[in-house]
Amino acid sequence: MAVTVHCESFDVALETGPDMTDVTGALARAVAASGVREGSVHASVVGSTGSLTTIEYEPGAVEDLKDAIRRLAPPDRPYAHEMTWHDGNGHSHVQAALMGPSLVVPVRGGRLRLGTWQQAILINHDNRPRRRTVEVTVIGET
Amino acid sequence: MAVTVHCESFDVALETGPDMTDVTGALARAVAASGVREGSVHASVVGSTGSLTTIEYEPGAVEDLKDAIRRLAPPDRPYAHEMTWHDGNGHSHVQAALMGPSLVVPVRGGRLRLGTWQQAILINHDNRPRRRTVEVTVIGET
Amino acid sequence: MAVTVHCESFDVALETGPDMTDVTGALARAVAASGVREGSVHASVVGSTGSLTTIEYEPGAVEDLKDAIRRLAPPDRPYAHEMTWHDGNGHSHVQAALMGPSLVVPVRGGRLRLGTWQQAILINHDNRPRRRTVEVTVIGET
């Protein structure tokens, strides 16, 4: 069985942060396109005010995660970034750096190996709507 | 030197979260079984109330990390997840999403490359004991 | 196109934590040395009081992230780690475990695929200056 690498990217429009969306389907399509049966998917958001993780993607847990993210770096604190750049998104940079831009998901039997109630999510932390790009790298045996 | 991909999984029983255990030995056994000398191990916990990271695995640091995790998303806050699902684990979902489900460890000379006092740990955040599954993917040169 | 794996490491001296530095250039040099055109870079800090993430590396955002890290696990709280080890770095272990030791960055067209204002950073959380080692694994098609 040969080891192959498949790369693609997709874009998603998100609202003012913290806003998030389920990207499990997009990752699954990349795995299907790759032909990889056993390996890993690496997903990374491009830009310093986005992040990726997993959650049970239902409205309550989504709201709870948004609240927790706002507590990590509240928009209404003073930020040194703001003193220089005046773009109002100091909290966005901090939130995204704490959460991290990358996610690894196993591929087994040609499918993403996640829990039944576990979805991959993309988060926009910026203080305005953003179209975010996710780079997907699938590595494994075909 | 050929590039190969080795996949396996293991299960660990954990107590009510935040509970954690050292999984360095299980990852090291996967590396040994893979025959990989130079590359990476990807570990991912299956399910939306688990996470993986590294720490100095000694009782004090473990207790300190548990305290910090509880502060990130305290069990006694109100959670929107709870309003719908009444399963009492809104905090578990938030904690796990903030920490992230995946970990990458380098493999060098056929061994995990961690610090002397650095161990890979699996965390259960759920509000009940759980048997958690970790999927391990070793990619590298044999 | 052959799939290859390239491994190297580099060291950086950092001040008492939270201190951080831009390691984008070091990762880019590893990619160039690898010959990989399409794939992923995995970076992992060795030791349990370091972490890796991305941020817009400008003095304001750096200061803001340091503040947020100190709020996650303040140095002046009591730590159980301290009761046993008396080395004063209980907060360092907690901060690093919450942030995580590893980072994945896509490689596209032989270059790191990051946002224009997104840099890879290495953080020292320890309570003394530390020379930190980062292990870099580049996997992909040449």
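Look above for the structure.
A brief structural summary. Everything numeric in this text was worked out from a predicted model, so none of it was measured.

The rules we used
- Residues numbered from 1 in each chain as written.
- Chains lettered and ligands numbered in written order.
- Predicted model: local features only at pLDDT ≥ 70, side-chain atom pairs only at ≥ 80, totals over all residues.
- Helix = DSSP H or I, 4+ residues; strand = E, 2+ residues; numbered from the N terminus.
- Contact = placed C-beta atoms within 7 Å.
- Least-squares fit on C-alpha atoms with pLDDT ≥ 70 in both.
- Pairing = 2+ DSSP bridges.
- Axes fitted to C-alpha atoms, helices over the stretch in contact; angles between N-to-C directions.
- Nonpolar A, V, L, I, M, F, W, Y, C, P; charged D, E, K, R; others polar.
- Parallel < 35°, antiparallel > 145°, perpendicular 65-115°, else oblique.
- Left-handed = near helix turned anticlockwise from the far one by under 90°.
- Expected span 1.5 Å × (residues − 1).
- Buried ≥ 20, exposed ≤ 12 C-beta atoms within 10 Å, placed from the backbone.
- Arc of directions from axis to C-beta.

Another point: unusual backbone geometry. For the bond from glycine 17 of chain B to proline 18 of chain B, the omega torsion is -5°, close enough to zero to count as cis. When you line up the elements, proline 18 of chain B lands in the loop between β1 (3-14) and β2 (19-22). Although it is not a glycine, histidine 86 of chain A sits at a positive phi angle of roughly 50°. Relative to the assigned elements, histidine 86 of chain A resides in the loop between α3 (80-85) and α4 (90-99).

A separate point is the interface of chain A and chain B. In this complex, chain A contributes 29 residues to the contact, which on the side of chain B involves 29 residues. When contributions to the side of chain A that touches chain B are tallied by element, the ones reaching two or more residues are β3 (38-45), β4 (50-55), α2 (59-72), β5 (102-108) and β8 (130-141) of chain A. Among the elements that take part in the side of chain A that touches chain B, α2 of chain A stands out by supplying 6 residues, more than any other.

Of the transformation placing chain A onto chain B, the axial shift is 0.0 Å and the rotation is 120°, giving an RMSD of 0.0 Å. Taken together, the rotation and translation describe the operation of a three-fold axis. Taken as a fraction of all interface residues of chain A, those also at the interface in chain B reach only 14%, which identifies the copy contact as different-surface.

Residue and element names in this part refer to chain B. Spatial strand order, β2-β7-β4: 3 strands in an open sheet with antiparallel pairing. Here the strands that pair on one side only, and so sit at the sheet edges, are β2 and β4 (50-55). In this sheet, adjacent strand axes meet at a mean angle of 30° when their direction is disregarded. Across 6 bridges, β4 lies against strand β7 (residues 119-124) in antiparallel orientation. Paired with leucine 52 across the two strands is leucine 122, which belongs to β7.

What follows concerns the interface of chain A and chain C. Taken together, the contacts link 29 residues of chain A with 29 residues of chain C. Of all the secondary structure elements, the ones that give two or more residues to the side of chain A that touches chain C are β1 (3-14), β3, α3, α4, β5 and β8 of chain A. When the residues that make up the side of chain A that touches chain C are grouped by side-chain class, the tally is 16 nonpolar, 12 polar and 1 charged.

Contact pair α2 of chain A / helix α4 (residues 90-99) of chain B: the axes reach a minimum separation of 9 Å and the direction vectors enclose 60°. One finds that α2 of chain A runs oblique with respect to α4 of chain B. Judged by the twist between their axes, the crossing of α2 of chain A over α4 of chain B is right-handed. Across the interface between the two elements, Ala61, Asp64, Leu65 and Ala68 of chain A of α2 of chain A pack against Gly90, His93, Val94, Ala97 and Leu98 of chain B of α4 of chain B. Looking at the contact of α2 of chain A with α4 of chain B, its residues break down into 6 nonpolar, 2 polar and 1 charged.

Taking 1.5 Å per residue, 14 residues should reach 20 Å; helix α2 (residues 59-72) of chain B reaches 20 Å between its end C-alpha atoms and fits that length. Taken residue by residue, α2 of chain B has Ala61, Val62, Asp64, Leu65, Ala68 and Ile69 of chain B as its buried positions. Taken end-on, α2 of chain B shows its buried residues confined to a sector of 165°, consistent with a single buried face. Contact partners of the buried residues in α2 of chain B: β2, β4 and α4 of chain B together with α2 (59-72), α3 (80-85) and α4 (90-99) of chain C.

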